[in-house]
Amino acid sequence: MRRAMRVPVAALVAGVALSGCAGAGGLDGDLTDDWAALPAAGAFTPAAGVCQVADFTATVSLSAYDPVGCDLPHRVETVHVGSFTVDRATPPVVGSPELRTAFADCDSRASGYVGDNWRAGRLRLAVALPTDPGWAAGARWYRCDLTELTTVEAAAKVVTRTGSLRDGLKGPSALRLGCQRTGGDARRVQTLTPVDCRTAHDAEFVGVWPAPDRPYPTKDADWAPLYAGCNTVLARYVGVPDDAHLRFRSGVVVRPPGSGRWVVGDRGVRCYLWLSDRTVTTSLKGAGPAGLPVRTK
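Residues numbered from 1 in each chain as written. Predicted model: local features only at pLDDT ≥ 70, side-chain atom pairs only at ≥ 80, totals over all residues. Heavy atoms only, no water.

**Digging into the overall build of the chain**
Scanning the chain for helices and strands turns up 6 helices and 11 strands. Residue burial in the chain is summarised as follows: out of 297 residues, 39% are buried. A separation threshold of at least 6 residues defines the contact pool for the chain, and within that pool the share at least 24 residues apart is 66%. Of the roughly 17,100 Å² that the chain leaves accessible, carbon and sulfur atoms contribute 58%. (Helix = DSSP H or I, 4+ residues; strand = E, 2+ residues; numbered from the N terminus. Buried < 20%, exposed > 50% of the residue type's maximum accessible area, 1.4 Å probe, protein only. Contact = heavy atoms within 4.5 Å. Areas by Shrake-Rupley, 256 points an atom, 1.4 Å probe, with all protein chains shown as cover.)

**A closer look at the pairing of strand β7 (residues 179–184)**
With 2 bridges connecting them, β7 and strand β9 (residues 203–210) associate as antiparallel partners. Paired with Q180 across the strands is A203, a residue of β9. By the bridge criterion, 5 bridges tie β7 to strand β8 (residues 189–194) in an arrangement that is antiparallel. Residue T182 lies in a different strand from β8, and its bridge partner there is L192. (Pairing = 2+ DSSP bridges.)

**Concerning the packing of aromatic side chains**
Aromatic rings considered in pairs are described by the distance between their centres and by the relative angle of their planes. Evaluation of the coordinates by the stated rule reveals 6 aromatic pairs. On the numbers, 6.0 Å between centres and 80 degrees between planes, the contact of F44 with W141 is edge-to-face. Of this pair, F44 sits in the loop between α1 (9–21) and β1 (51–52) while W141 sits in strand β6 (residues 141–148), and the two are 97 residues apart along the sequence. What links up through ring pairs into an aromatic cluster is the set F44, Y65 and W141. (Phe/Tyr/Trp six-rings, centres within 6.5 Å; stacked < 30°, edge-to-face > 60°.)

**As for the state of the cysteines**
Between two cysteines, a covalent bond joining their sulfur atoms is known as a disulfide. Applying the stated criterion across every chain yields a total of 4 disulfides. Two residues share a disulfide in this structure: C179 and C197, whose sulfurs sit 1.9 Å from each other. Here the disulfide of C179 and C197 is right-handed, its torsion about the S-S bond being about 95 degrees. Here C179 is found in strand β7, whereas its partner C197 is found in the loop between β8 and β9, with 18 residues between them in sequence. Residue C179 is classed as buried on the basis of its relative accessible area of 2%. Cysteine pairing for the chain, with bonded cysteines counted in sequence order: 1-2, 3-4, 5-6, 7-8. (Disulfide = S-S within 2.5 Å.)

**Some details on the confidence of the model for the chain**
Across the chain, the average pLDDT comes to 88, with 85% of residues at 70 or higher. In the model, residues 1–28 has pLDDT below 50 throughout and makes 3 contacts with residues more than four positions away in sequence or in other chains. (pLDDT = per-residue confidence, 0-100.)

**Description of the pattern of salt bridges**
Where charged atoms of side chains with opposite charge meet at close range, the side chains can pair. Scanning all chains against the criterion turns up 18 salt bridges. When salt bridges with common partners are traced through the structure, they connect D107, R119, R261 and D266 into a single cluster. (Salt bridge = Lys/Arg side-chain N within 4 Å of Asp/Glu carboxyl O.)

In structure tokens:
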């Protein structure tokens, strides 16, 4: 059994002194002045271009932040992280000018990220903020998150996907809204179900109309501008005149965002053409007057 070797303190001190005389090798013997200063403590800020396994949450704390690569199964993808320029004591609330500005930025960033208006696909955009304690600690970011949905109609569910949404709508894509089969009655469309354009269908997504900043539509008069806007989108998509005869060529289905999203600043209205009297087995994009003739009865 070995005995521990004890070295007198005086010998240690002498050794240090002698080593200093033998050459410091670039050291000056001062042990307190050669450490770089630590960076100033800063508030947590999430990263863009990463994904999250968990569902979207309106606020994000450091303890709950667990990004993964988008090549792994995930439910949320962060496309951009911006910063608020107006300081305030608490995070912006729904309907505030600050949050509406953040949504507008996220709207533009998300469309650039996927390669087209994100509403042209089965996607939902949402803005996440710091928690109250995070805001008090100095966090001033907002996070732009996209999720894939099973449908953009009612009862949509979030899809667990693998692979990034970057450039996901640049060309043909399974994410894209396209031809649809309607459900309802002869006067009103209640549901839209995606179908292959080569199968019989009576509706088709034609684009997005940016509604002006007005209160959410509740009365018939409030809806009139939305129908007029979608008719313009429809005429441009098919290649027919946007005139008084358009209503004799096709009906139109208007799908604005919900009232809760409207308050946040979402003004993108999804527009669909609707053939109430027939079905077709091809897309009507660019079909012109021959593909969408004026109905005589």
